[in-house]
Amino acid sequence: MWALTLALTLAVAVAVADPDMGIRCGIVGLPNVGKSTLFNALTAAKVPAENYPFCTIDPNVGVVSVPDPRLEAIAAAVRPGRIVPSVIEFVDVAGLVRGASQGEGLGNRFLAHVRETDAIVHLVRCFENDDIAHVSGRVDPVGDIELIDTELLLADLQTVEKSLEKAERSAKTNLKQDLARRDLLLALRDALGAGRPLRDLALADAQLAMLRDLHPITAKPVLFVANVADDEPHGNAFTGQVIEHAREMGAQAVVVSAAIEAELAELPADEAAEFLAELGLPEPGLDRVIGSAYRLLDLTTFYTTNEKEVRAWTVPRGATAYEAAGVIHTDFQRGFIRAEVIDSDGFVRHGGEQAARESGELRLEGKSYVVRESDVIRFRFNV
C-alpha cells in the first residue's frame, strides 16, 4: 500500500536523513585576513579572532541556512509547524603560510581539514590597517592568492606523486583499471607540475571517481571573498584586482566587510535593515557569500510540503526525480511510483497544493524527470 500520507513519511525521513548530504565549505586564507571574523558573522559563533597567526588551532565548524525567499513564500502559503532550509557547513581553517605544504605553520594539519570540504571560500585581505599585521608586510591581494594557490598545488602534487608510486607498481599487472589509474595520475602530476589546478582539467566522471580517495584540494571549486574595511563596503582598488583575477580563473568573487557583517550579526533584524540602508547596501554581504557558495557546486533546490513541515532539499543539477526521492529517504526511491510536481511560483499563486491540483497545474512525472530549480514535489511510493 502506498497511500501513506506525506506527513507521516516525511517524519520518518527527517529522522533518518543522511547527515552527509550537507555542503561543506572551508574558509582559507593567510593569517590575519579576517577568517574568524567572517566565520563569527556567518554562524553567530564566538570563535577567538585575536590578531596573531594560528589563533584557530582546530577547525571551527558552523552550520548556516541558505537565504531562500521561495521557501519563505511557500511556507506563508502552507503555514507549517516548522520550516527547514537548505544548509551549508562552514569550516574556519587556520591561516596558511608559505611552506604550508611542507608543514610550515602547522600546514599539513590544516591542509587535511581543507581536503575534507566540498568547496573553498578563499578570503583575501583588501584593507589597509597598521594595527593588524600582514604576514608579507604589505597588502597584495593577487600575490596572497597566488601564495595560497601554490601551497595547495604543492600539497596535491605530493599526494599525487605518493599515489603514483603505488599505481606504477600495480600497473605491472597490466590490468585495465590499474593502467587507467596510473595514466590518470601521470597526467595529474604533469598538470600540477606546470602550475595547473585540477579543477581546470576536463575529467570524465569515471576519472573523477578514481580520484575520490585522494581528496585533491585544487579540484574543488573556489569562491573568492574580498574582505574590505568597514568604511569601504562597496569595494576599492584591491577588490578590483580580486574580481579580475577571479574572472581570469573562471571563478566567482564577492566583496564584503567582515567587520560590518559581524556587527550586523549582533543587531535585531529591524536595526540591521536600517544599518544596511544607511550604508547603501541592498542585502547583507553574508547572503551573497552563502548564496554564491551554494551555487558554486551547481546544485538545484526543490521543496516538499505538508501541514507539519516545509523543507528545502538539495540535489546536483540534472538529478532525476528518482534520485531526488533517494535524498529524502531510501524508501521513497525504492518504492517510487511517481512524482507530483509544480513550480514554486504556481504553488504560491494558488495558495497551496489542493488549489494547484484543482487548477490542473500539478503534473505527474516519472523516474526520469529532471528536477528543476524551485520545483515543489510530492513523492508517491510503495511502502
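Here is a short report on the structure shown in this document. (Residues numbered from 1 in each chain as written. Predicted model: local features only at pLDDT ≥ 70, side-chain atom pairs only at ≥ 80, totals over all residues. Heavy atoms only, no water.)

### Concerning the sheet that holds strand 5 (residues 119–125)
Rule in force here: When DSSP locates at least two bridges between a pair of strands, those strands are taken to pair. Helix and strand definitions follow DSSP, with helices as H or I runs of at least four residues and strands as E runs of at least two, each counted in order from the N terminus. An axis is simply a line fitted to the C-alpha atoms; with a helix, the fit covers only the stretch in contact. Between two such axes, the angle follows the N-to-C directions and lies from 0 to 180 degrees. By the convention used here, residues are in contact when the closest approach between their heavy atoms is within 4.5 Å.
Strand order in the open sheet made by the 6 strands is 2-4-1-5-6-7, with mixed pairing throughout. Lying at the two open borders of the sheet, with one neighbouring strand each, are strand 2 (60–65) and strand 7 (252–256). Adjacent strand axes in the sheet meet at a mean angle of 25°, parallel and antiparallel pairs treated alike. Bridge count for strand 2 against strand 4 (residues 87–92) is 6 bridges, and the pairing is antiparallel. Residue pairing for strand 4: Ser65 is matched across the bridge by Val87. In the packing of helix 11 (residues 285–296) onto the sheet, the strands contacted are strand 1 (23–28), strand 2, strand 4, strand 5, strand 6 (222–227) and strand 7, and the crossing angle to strand 7 comes to about 165°.

### Side note on the environment of Ala272
Mapping Ala272 onto the fold places it in helix 10 (residues 269–279). Sequence-wise, Ala272 and Glu261 are 11 residues apart; in three dimensions their C-alpha atoms are separated by 9.7 Å. Contact partners of Ala272, with chain neighbours within four places excluded, come to Leu264 and Leu267.

### Some remarks on the side chain of Asn227
Note the cut-off: Burial classification: accessible surface area is computed with a 1.4 Å probe over protein chains only, and a residue below 20% of its type maximum counts as buried, one above 50% as exposed, and the rest as partly exposed.
Along the chain, Asn227 falls in strand 6. Using a relative accessible area of 4% as the deciding quantity, one classes Asn227 as buried.

### Observations regarding the nonpolar core
Where we set the bar: Nonpolar cores were defined as sets of buried Ala, Val, Leu, Ile, Met, Phe, Trp, Tyr and Cys residues, with membership established by side-chain atoms within 4.5 Å.
Counting 51 residues, the largest nonpolar core has Cys25, Ile27, Leu38, Leu42, Ile88 and Phe90 as its most contacted members. No other element matches the 6 residues that helix 11 contributes to this core. Not counting residues within four places of it along the chain, the set of residues in contact with Leu38 comprises Ile27, Leu123, Val256, Ala258 and Leu286. Counting residues in each nonpolar core, the second largest holds 18 residues, with Val315, Phe332, Phe336 and Val371 among its members.

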